[in-house]
Each structure stands twice: as structure tokens, then as C-alpha cells.
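Coordinates in review
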Amino acid sequence: MSQELQQEIKKRRTFAIISHPDAGKTTLTEKLLLYGGAIHLAGSVKSRKTQRHAVSDWMEIEKQRGISVTSSVLQFNYDDFCINILDTPGHQDFSEDTYRTLMAVDSAVMIIDVAKGVEAQTKKLFRVCRERGIPIFTFVNKLDRFGKAPLDLMDELENVLGIRSYPMNWPVGVDGNYRGVYNRQTKEVELFADDINHGQTERESIIGAYDDEGFMSQLDDAVRAALADDIELLEMAGEAFDLEKVAHGELTPVFFGSAMTNFGVKGFLEEYLRLAPPPQPRMSSDGLISPDDEKFSAFVFKIQANMNPAHRDRLAFIRICSGRFERNMSVYHDRSGKPIKLAQPQQFLAQDRQIIEEAYPGDIVGLFDPGIFGIGDTICDSARRFSYEDFPVFPPEKFARVSAKDTMKRKQFVKGVMQLTQEGAIQLFVQAGAGSDSYIVGTIGTLQFEVLEYRLKNEYGVDIVMQMQPFEVARWLAREDGAEILPSSLKGADRGMFVYDRRENPVLLVNNEWALGWIQDNNPDIELYNVPVDRKAID
Ligand code: G4P
């Protein structure tokens, strides 16, 4: 195998930053770009000032779109590393989109607000990372403010998330006025100069040995005594560092810092790059595929239309898993079973998109998509055909009947709804026996309905009528003998709504588990699944 490929793989770190809204994901991303030299003054990733006034969900959607447009994926270099950061949507509703993004990374950085600790969204995102068994690095942010005691936060990680932690550094100073951090590996203390420009440029610091009396005498006796106590406690009672456990997501290295004031950010970035794994092997229908396999392979994890309203283009984002990607290469597409040529591949550097000539495992490439790609599709060298494991699906929990307000706009309406279904933003159903003027749309959270309404109006010029349905549960219906199931052959079908999914599989929507129990009891020959029969579910 080629040495060049090996080296490119070794250099790559592909990760997502996960956090509850407002914990500092955007700020930290921006600072990593600043240190990587990809931007020069912090504050340019997006204009947060305007977005801060995002009071309504409408604005929230705009914000989400805003983030997607500029920073769905960012690539930059730091030292010898090539870093790919994948953005996870910043809204409250947990979406499949977020989940899929986490399928495409090799590790995650979890941000915790020092004052708030582990929050609701952190828990959900953490769970997904945990299920995948990927390494999770924790950055405790906003140390420039008053917050919880570091030891209490470690307890919280263990009690709320169930993960052991290993502090890589430890704050030096008193709550609300930390002066620096103690590095447990090097046994050095880094003291930061005052933040003079709100973190717009790198922050000056001096580093000295912990046992250097002269250096340490810059600190108050009380601060030194408290630090000595903490260090002793950590060494005696704390977890031992074990990279193997980190690699399996069983132990999280913790870093303390402040993204806004550049306190501890550089140290975090450097340690993270050192410890985080390069692209990892992935399971496929042909066994484990190693990134250094010479044969190219990748999978589609995100599809997004109309990213640029001026161009109305549709991009399929692929994560490269093995081999070398080259512009204009021909690959085998598993779902269509056809060869396709990968023209116009785009990569995202800071805020710019550019056409690229080559890319390596761990990289994310945006492919111009004329409508052939679906989420989870594999593309690979036609000399070795296989499929990566399908993405699990989330059972929908909210349902609405949706139609175009103006029947003259039906064509655009159908186009828009189909597009959003292919992007995986919504799940589409048709009521049995009903005309095709309306669809039943299923989602996981209510925000997705607002996204649907907003995008249909803005991208397709269609106003919609939406009637929420009382159902909370969808069950795909199947019979062991494979015989067709009709509404008339299901006892109690009128207790819910009999619909078909977009592949024409029969599905029953019901109000609750109780109704479901009744259906099951009265139709013993019918099997009920919470996702399509051939797909894996995430509960
Ligand atoms: P998010 O992407 O996770 O939602 O969070 P974001 O980075 O947008 O940060 C949310 C708020 O927290 C912002 O304040 C940001 O400046 C602030 N913040 C981020 N890191 C730190 C930190 O280390 N210390 C302190 N004190 N604040 C931090 P904002 O007032 O909403 O916006 P802005 O006016 O500062 O842009």
C-alpha cells in the first residue's frame, strides 16, 4: 500500500463538536480556525450578533440554515494535521441530521458550560456517540465566569452520563478568576496574560514547571495550596489515564478553558490532535474496510438542496473511508448498481467552497447531485463492490397532513416535499384510498414541520396547509407469509390511519401504545415493526 496514502490518513482528524445550544460550539470552532490560521480575526464564522436576537423558531431555522451554508464542513490545517470539523445543527430538536453527521466522524468534542454542567441536548448527543463507541473529548467552557467546581463537574459526567473522566489539565486560581492551567502530563503551569481584545487574537501565556519555585511564586499562597491539594487528590483518587479506554469511549479526557477568551484553547487543540484517532476502519457487507485499502470507498451521510439560493444546486456530502479520491473518477454506486462519474467535487475551506482534485480518508467532499444519491448510499471502486452498513432510522413520533394552499402550485409542492424526504428531513406517507393532494408527514420533533413550511415557501414558492394529526406511533405491517396487507384485512384499522410509506409499504399510525396493543391482540397473524422491515431502528 502506498506510503503517501498512509501519511495522509495519519494526518487526518475528523470530528464533530457536540453541545447544548449556547455552550460555545460556534465560538470554539471559530477559535480552532483562528489557531489553524484559517481565519485571522475571530468573529467571522458567522455574525452572531444578529442571530443572538433569534427569538422565534423562524429565526432559529434561519440560523440553522446559516450555519449549514457557511460551515457544514470545515477543513483546515494545524501543524502537520489536516482537520475536518463537521457541524451538528444548532437547534433544540434532536434530528436525524445530527445523528447522521455523527456517523461520519471518528471522534467528538463535547462542550460543557462550566456553570450549567451536563444539559439535555448534551445527553442525547452523547448517547449517540457512546452507541458508536467513538472517543469523546470534553471541553469545559466559559472558565472566565463563575461556575461549578471542577471536581463536581467530573462527578456530574460520571453520574449523569455514566462516563469516567480524566482531567488533562486543571484550572489554577479561584472560581471566576482563573489565571491558568496545570498540565498533568508535563507537570507545567501555563499562566495567561489578560485578555485585551475579547479573544480576537491568540492569547499570550507563559509556561513554567510546577516545581519551579521562582515561577510559581507569581501565584498567591492560597492558590498554590489549593492547586497542590487538588493535584494530590487527582493523583490518588482519580482515574488513571488509559488511551485504550479513551479510544472506546469509556474514558473522556477533560480540558478546562474558555473559548471566548482563548484560555486553554491552544493547549486543548494540540493535545486533542495528539490523542484523537485518525480515520478508522468501517464495517461493510464485505467485512471491515481499512482506510489504507487502496481501493476508494465512501458513503453519503447528508444531502442538502438549495444551499446556495442563487444556484439551486443539490449537494450530496460523502465521507471518504478508504483509498484516494480523484476528481472525475468513475465509481460504482451501490443503490443504482451503476457506475457514476464524480465531477465537480467541492470542499469547504473556512467559508469558501472550492473544487478539489483529490481527497483522502476522513475528508468530506460535497458532490453535485443530479438526484441520484440517497442518504446511506455507498460509492466504491467498481473492482470491489460492497455497501457500508445502512444508517439506522428513527421512528417518527409527530404527524401532520400537509397540502398546498393553492392547488395550482401542486407540482412545486410535490417537488419540494420529495426533495425534503430525500434529504431525510421528513418521512412521507400517503393515506390509503386518499387522493394525492395531500401527504401525511412524519417527523421526530415539531421543529421539522416549521423547517418544512419555511423551506417550501422560500425554496419552492409554496404556502402549505398543515393539520397536526393525533398519532404518536407508526408501525410498519408485515405478514410472515409475505401476503399483501390491505386496510380491509387489518382488524381495527379505523382506530388509527392506514398509510403507505414512499416505498409503498403498509404502515398504521395510532394514538398510543394502548391502541397498538389492541391491534396486535386482534391481528395475531400480522407483525408490527417500528421502522421499515429491512432497516435497523434507534430508540
Ligand atoms: P453555540 O454555538 O454552542 O450555541 O454557542 P456560541 O458559541 O454561539 O456561544 C453562546 C454564547 O456564549 C455567546 O454569547 C458566546 O460569546 C458565549 N461564550 C462562548 N464561549 C464563552 C466563554 O468562554 N466565556 C464566556 N463568558 N462566554 C462564552 P452571546 O452573548 O450569545 O453572543 P456574542 O455577543 O458574544 O457573540
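Residues numbered from 1 in each chain as written. Predicted model: local features only at pLDDT ≥ 70, side-chain atom pairs only at ≥ 80, totals over all residues. Heavy atoms only, no water.

1. What to know about the environment of A120
Note the cut-off: Secondary structure elements are taken from DSSP: a helix is a run of H or I of four residues or more, a strand is a run of E of two residues or more, and numbering for both begins at the N terminus. Relative accessibility under 20% of the residue-type maximum defines a buried residue, over 50% an exposed one, and the middle range a partly exposed one, all with a 1.4 Å probe and only protein chains included.
Structurally, the position occupied by A120 is in helix α6 (residues 120-132). Assessed through its relative accessible area of 48%, A120 is described here as partly exposed. Linking A120 and H20, residues 100 residues apart in sequence, is a C-alpha distance of 6.9 Å.

2. Thoughts on the sheet that holds strand β24 (residues 398-404)
Sheet strands pair by backbone hydrogen bonding; their relative direction is either parallel or antiparallel. Just so we agree on the cut-off: We call two strands paired when DSSP finds no fewer than two bridges between them. Only the stretch in contact is used when a helix axis is fitted, and all axes are lines through C-alpha atoms; the angle between N-to-C directions ranges over 0 to 180 degrees. Whether two residues touch is decided by their heavy atoms; if any such pair falls within 4.5 Å, the residues are in contact.
Spatially, 8 strands are ordered β27-β24-β26-β25-β29-β30-β28-β31 in an open sheet, and the strand pairing comes out antiparallel. At either margin of the open sheet sits one strand with a lone partner, and together these are β27 (464-469) and β31 (526-529). The average angle at which neighbouring strand axes cross in this sheet is 40°, direction not considered. In this sheet, β31 lies alongside strand β28 (residues 473-479) in antiparallel orientation, the contact comprising 4 bridges. Bridge assignment links W476 to a residue of β31, and that residue is Y529. Set on the sheet, helix α13 (residues 447-460) makes contact with β24, β26 (438-443) and β27; between it and β27 the angle comes to about 165°. Lying over the sheet, helix α14 (residues 513-522) contacts β28, β30 (506-510) and β31, oriented at roughly 15° with respect to β28.

3. A few points about helix α5 (residues 96-103)
Burial of α5 is extensive: 8 of the 8 residues sit out of reach of the surface. Listed as buried for α5 are E96, D97, T98, Y99, R100, T101, L102 and M103. Buried residues along α5 sit against β1 (12-18), β3 (81-86), α6, β12 (282-284), β14 (297-305) and β25 (427-431).

4. Concerning helix α1 (residues 3-11)
Rules: Arc, as used here, means the arc of the directions from the helix axis to the C-beta atoms.
Listed in full, the buried residues belonging to α1 are L5, E8 and I9. Viewed end-on, α1 has its buried residues packed into an arc of 100°, placing them on one side of the element. The exposed residues of α1 that point more than 90 degrees off its buried face are Q3 and K10.

5. Details of unusual backbone geometry
For K187, which is not glycine, the phi torsion reads 55° and is therefore positive. Mapped onto the fold, K187 is located in the loop between β8 (177-183) and β9 (188-192).

6. Let's talk about the packing of helix α2 (residues 25-35) against helix α11 (residues 265-275)
Definition in use: Small angles under 35 degrees read as roughly parallel and large ones over 145 as roughly antiparallel, with 65 to 115 read as roughly perpendicular and the rest as oblique. Gly counts as polar in this scheme, as do all residues outside two lists: the nonpolar Ala, Val, Leu, Ile, Met, Phe, Trp, Tyr, Cys and Pro, and the charged Asp, Glu, Lys and Arg.
One can describe the packing of α2 onto α11 by two numbers: an axis separation of 10 Å at closest approach and a directional angle of 80°. With respect to α11, the axis of α2 lies roughly perpendicular. Between α2 and α11, the contacting residues are L28, K31, L32 and Y35 on the first element and V265, K266, F268 and L269 on the second. When grouped by side-chain class, the residues that make up the contact of α2 with α11 number 6 nonpolar, no polar and 2 charged.

7. Topic: the site of the ligand
Selection criterion: Here a residue counts as near a molecule or strand whenever at least one of its heavy atoms sits within 4 Å of it. Within 3.5 Å is the distance limit for a polar contact, defined as a pair of N or O atoms, with the added protein rule that one can donate a hydrogen and the other accept it, and that residues adjacent in sequence qualify only through two side-chain atoms. Note that accessible areas follow from Shrake-Rupley with a 1.4 Å probe, and for residues the cover is restricted to the protein chains shown.
Taken together, 19 residues form the shell around the ligand, and within it D22, T26, T27, D144 and S258 come nearest. Between the ligand and N141 there is a distance of 3.1 Å, counted from an oxygen atom to a side-chain nitrogen or oxygen. Taking M260, its main chain carries an N or O atom lying 3.1 Å from an oxygen atom of the ligand. Relative to its free-state accessible area of 710 Å², the ligand is covered by the protein chains to the extent of 84%.

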